[in-house]
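Structural overview for review
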Amino acid sequence: MRLIQGNEAVALGAAAAGCDFYAGYPITPATEIMEQMARILPARGGVFIQMEDELSAVAAAIGAAWGGARAMTATSGPGFSLMQEHIGYAAMTQTPCVIVDSQRGGPSTGLPTLPAQGEVMQARFGSHGDRVAITLTASSVLSAYEVTARAFALSETYRQPVIVLLDAVLSHMRENVDLPEITPVPRETAASAQDRQPFGDNPFVPFGEGRRTVVTGLAHDESGLPKTAGGKAVERMLRSLEERLRHDAREITHFQAYRLEDASVALLAYGITARAAHEAVDALRQEGVAAGLLDLQTLWPFPDYLVQEIAERVDTILVPELNLGQYVIAVQAAVQGRCRVVPLGRADGDLFTPEEIAAAAREVQDAKGGIVHA
Amino acid sequence: MRKDPLRVRLSGRGGQGIILAGTMLAEAAMQDGLKVVQTQSYGPEARLGASKSEVVISSRDIAFPEVLMPDLVLCFSREAYQKFGRHVSPGGVVLLEQSILKDVPDAQGQTLPLRDTARELGKELVLNVVGLAALVAVTEAVSRESLRAALTHRMKAEFLELNVAALEAGFALGEAVASRA
């Protein structure tokens, strides 16, 4: 049993997953991830670099991945905005890497030390063009450890940048935990990759190990060569990846369901907000309100099947989040009228208290049958 | 009998070691075999401003990590008292650095010469350890042995001797309050 901070858990989870390269630029509330990586990596033969900014931090992580490393960077909102260009580059070049964003109040420099969940949509749509955007989040120190390790595994399987969203409270919070052992996912060997194309649905093979290739952000086909008329190939590869993610949705989607079986009001929450929602469920149940909680760890790809399944059973899904209504848009799109979807947002740098969420759920319950305008 | 869950709020100026004190308290509670969550809140400034660190200690899983109504409050500065120190649960304990009374004569709580005690030990910096030890002596929030162990674990070796002295001085201050009660 150890007392560990959220950011420390991220670093330990990365190390357990085989991370051997970190490039970053310090920013509250993510700085401790960098400090820990600076301690951990050199001691085990890895590489740690403090870069001049966040653009170069992702660029270095991408280069390191192509050099054979398992690479990570971490930042907060202002840095995450700067990273978008290269996150898109990592997506286009199918480069496995992990990007952690500990969310603080925004926009701009905002509230450096206070929590927010304002980058949920940015994680999905922040860089231009179409891409998938596997995005995970955590609501406890232990899950911050597990989710970070999982991000490495998913980035390897789908050879995409995977984003881990934390927030200022979880990053700095300490809990006593027993950290489970984690085995890094094995990487494809050069020999097995020899006869396969370097891009598309083929496994990731670093420079110098597989075929000769080029890595470019320009449109290219499975061979990697840029082609003026490469649009069709880009769309084909993207659709194929989307299809794989849809097929694997039940394995990719991690969540915790709490008292949902017979619920009429489902709280759909993620990250630190799920902690308050958990307590709200207990309070509501004591008053006889059949409330339950879906605590999502996988935010993107959106778990349509799961949310639709719940929407069939409940009257209302209430979506508390530390923004003025982001993820609720995706929930509404998935639910498509199967039940009411009610947003509950705040962006003032405070957490929702359990009572605030419970009060909103009570209101929803009282207004049952009426129309609630989002 | 210790409340379960027990909610503790430590507060003061940024730079007074509030977060380290919270971390040591949480670690001591862990040594006592309990579940803990420690959170912190401070502004963008490197020093000063009002800072707080909260610890929830329980025999069960802890969902909401922050403290809305503390059972125990320790406060080192006027600004922190005005921002964080005014609320406490019924039967709760508030320990205040006594100089707060100069600015807030009607401040509610037990006042102790925490800062003067730290200065007498040679460094005002150990105020956090003096205060935390006094709080533990008054309330038995965690065992003294566990707090000693947590201090040893979390403190840099070069500052350990001074801080152990601060810990014992804080225990003595707290005992005086406890016997007064």
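Rules used throughout
Residues numbered from 1 in each chain as written. Chains lettered and ligands numbered in written order. Predicted model: local features only at pLDDT ≥ 70, side-chain atom pairs only at ≥ 80, totals over all residues. Helix = DSSP H or I, 4+ residues; strand = E, 2+ residues; numbered from the N terminus. Rg over C-alpha atoms; globule rule 2.2 N^0.38 Å. Buried ≥ 20, exposed ≤ 12 C-beta atoms within 10 Å, placed from the backbone. Contact = placed C-beta atoms within 7 Å. Arc of directions from axis to C-beta. Pairing = 2+ DSSP bridges. Axes fitted to C-alpha atoms, helices over the stretch in contact; angles between N-to-C directions. Nonpolar A, V, L, I, M, F, W, Y, C, P; charged D, E, K, R; others polar. pLDDT = per-residue confidence, 0-100. Left-handed = near helix turned anticlockwise from the far one by under 90°.

Considering the overall build of chain A
Tallying secondary structure elements over chain A gives 14 helices and 15 strands in all. For 374 residues, the compact-globule formula gives about 21 Å, and the C-alpha radius of gyration of chain A, at 21 Å, lands near that figure. Each principal axis of the C-alpha atoms in chain A carries an extent, and together these give about 65 × 45 × 40 Å. Burial statistics for chain A: of 374 residues in total, 51% are counted as buried. When contacts within chain A are restricted to residue pairs at least 6 apart in sequence, long-range pairs at least 24 apart make up 76% of them.

Topic: helix H12 (residues 304-313) of chain A
All names here are of chain A. For H12, the set of buried residues is Val307, Ile310 and Ala311. Mapping the buried residues of H12 onto a view down its axis gives an arc of 105°, with all of them on the same face. Residues of H12 that are exposed and angled more than 90 degrees away from the buried face: Glu309 and Glu312. Next to the buried residues of H12 lie strand E11 (265-270), strand E12 (291-296), strand E14 (316-321) and helix H13 (327-335).

Considerations on the pairing of strand E3 (residues 47-50) of chain A
Bridge analysis of strand E2 (residues 21-24) of chain A against E3(A) gives 4 bridges, and the strand direction is parallel. Note that in E3(A) the partner of A:Phe21 across the bridge is A:Val47.

Here's the deal with the sheet that holds strand E1 (residues 2-5) of chain A
Spatially, the 8 strands line up as an open sheet ordered E1(A)-E9(A)-E2(B)-E3(B)-E1(B)-E4(B)-E5(B)-E6(B), and their pairing is mixed. Bordering the open sheet on either side are E1 of chain A together with strand E6 (110-112) of chain B, each of which pairs with just one other strand. The sheet shows a mean angle of 20° between the axes of neighbouring strands, direction not considered. Two elements, strand E4 (residues 72-75) of chain B and strand E5 (residues 93-97) of chain B, share 4 bridges in a ladder whose sense is parallel. Among the inter-strand pairings, B:Cys75 is bridged to a residue of E5(B), identified as B:Leu96. Lying on the sheet, helix H1 (residues 18-31) of chain B is in contact with E1 and strand E9 (174-177) of chain A together with strand E1 (6-13), strand E2 (35-41) and strand E3 (50-58) of chain B; it crosses E3(B) at an angle near 5°. Sheet contacts for helix H5 (residues 127-139) of chain B: E4, E5 and E6 of chain B; angle to E5(B), the most-contacted strand, approximately 150°.

Quick word on the interface of chain A and chain B
Each side of the interface is counted separately: chain A has 17 residues, and chain B has 18 residues. Within the residue set of the side of chain A that touches chain B, elements represented by two or more residues are strand E6 (111-115), helix H7 (168-172), E9 and helix H11 (273-286) of chain A. The leading source of residues in the side of chain A that touches chain B is H11(A), at 4 residues. For the side of chain A that touches chain B, a count of residues per class yields 8 nonpolar, 5 polar and 4 charged.

As for the confidence of the model for chain A
Taken over all residues, the pLDDT of chain A has a mean of 95, while the share at 70 or more is 96%. Low pLDDT, under 50, characterises residues 370-374 of chain A; the predicted model gives this stretch 8 contacts beyond four residues in sequence or across chains.

As for unusual backbone geometry
The linkage connecting A:Trp300 with the following residue, A:Pro301, adopts the cis geometry, with an omega of 0°. As for its placement among the helices and strands, A:Pro301 is situated in the loop between strand E13 (298-300) and H12. Residue B:Pro5 follows B:Asp4 across a cis peptide bond; omega there is 0°. By the secondary structure assignment, B:Pro5 is in the segment before E1. Unusually for a residue other than glycine, A:Ser108 sits at a positive phi of about 55°. Counting through the fold element by element, A:Ser108 comes out in the loop between strand E5 (97-105) and E6. Phi at A:Gln336 takes a positive value of approximately 45°, unusual for a residue other than glycine. Within the secondary structure, A:Gln336 sits in the loop between H13 and strand E15 (340-345).

Re the sheet that holds E14(A)
Residues and elements named next belong to chain A. Reading across from one edge, E10-E12-E11-E14-E15 is the order of the 5 strands in this open sheet, with mixed pairing throughout. Looking at which strands have only one partner, the edges of the open sheet turn out to be strand E10 (255-258) and E15. Across the sheet, the axes of successive neighbouring strands diverge by a mean angle of 20°, strand direction being ignored. Judged from the 3 bridges that link them, E11 and E14 form a sheet pairing that is parallel. Paired with Val265 across the two strands is Thr316, which belongs to E14. Along the sheet face, H11 touches E10, E11, E12 and E14 and points at about 165° away from the line of E12.

Re the packing of helix H1 (residues 6-16) of chain A against helix H6 (residues 141-157) of chain A
In a packed pair of helices, the relevant descriptors are the angle between the two axes and the axis-to-axis distance. All names here are of chain A. For the pair H1 and H6, interaxial distance at closest approach is 7 Å and the crossing angle is 35°. The way H1 lies across H6 gives a crossing that is right-handed. In contact with Gly6, Ala9, Val10, Leu12, Gly13, Ala14 and Ala16 of H1, H6 contributes Val141, Ala144, Tyr145, Glu146, Thr148, Ala149 and Phe152.

Concerning H1(A)
All names here are of chain A. Of all 11 residues in H1, 10 are buried; the element is thus mostly enclosed. Within the span of H1, buried status applies to Gly6, Asn7, Glu8, Ala9, Val10, Ala11, Leu12, Gly13, Ala14 and Ala15. A positive phi of about 95° marks Gly18, the residue just after H1.

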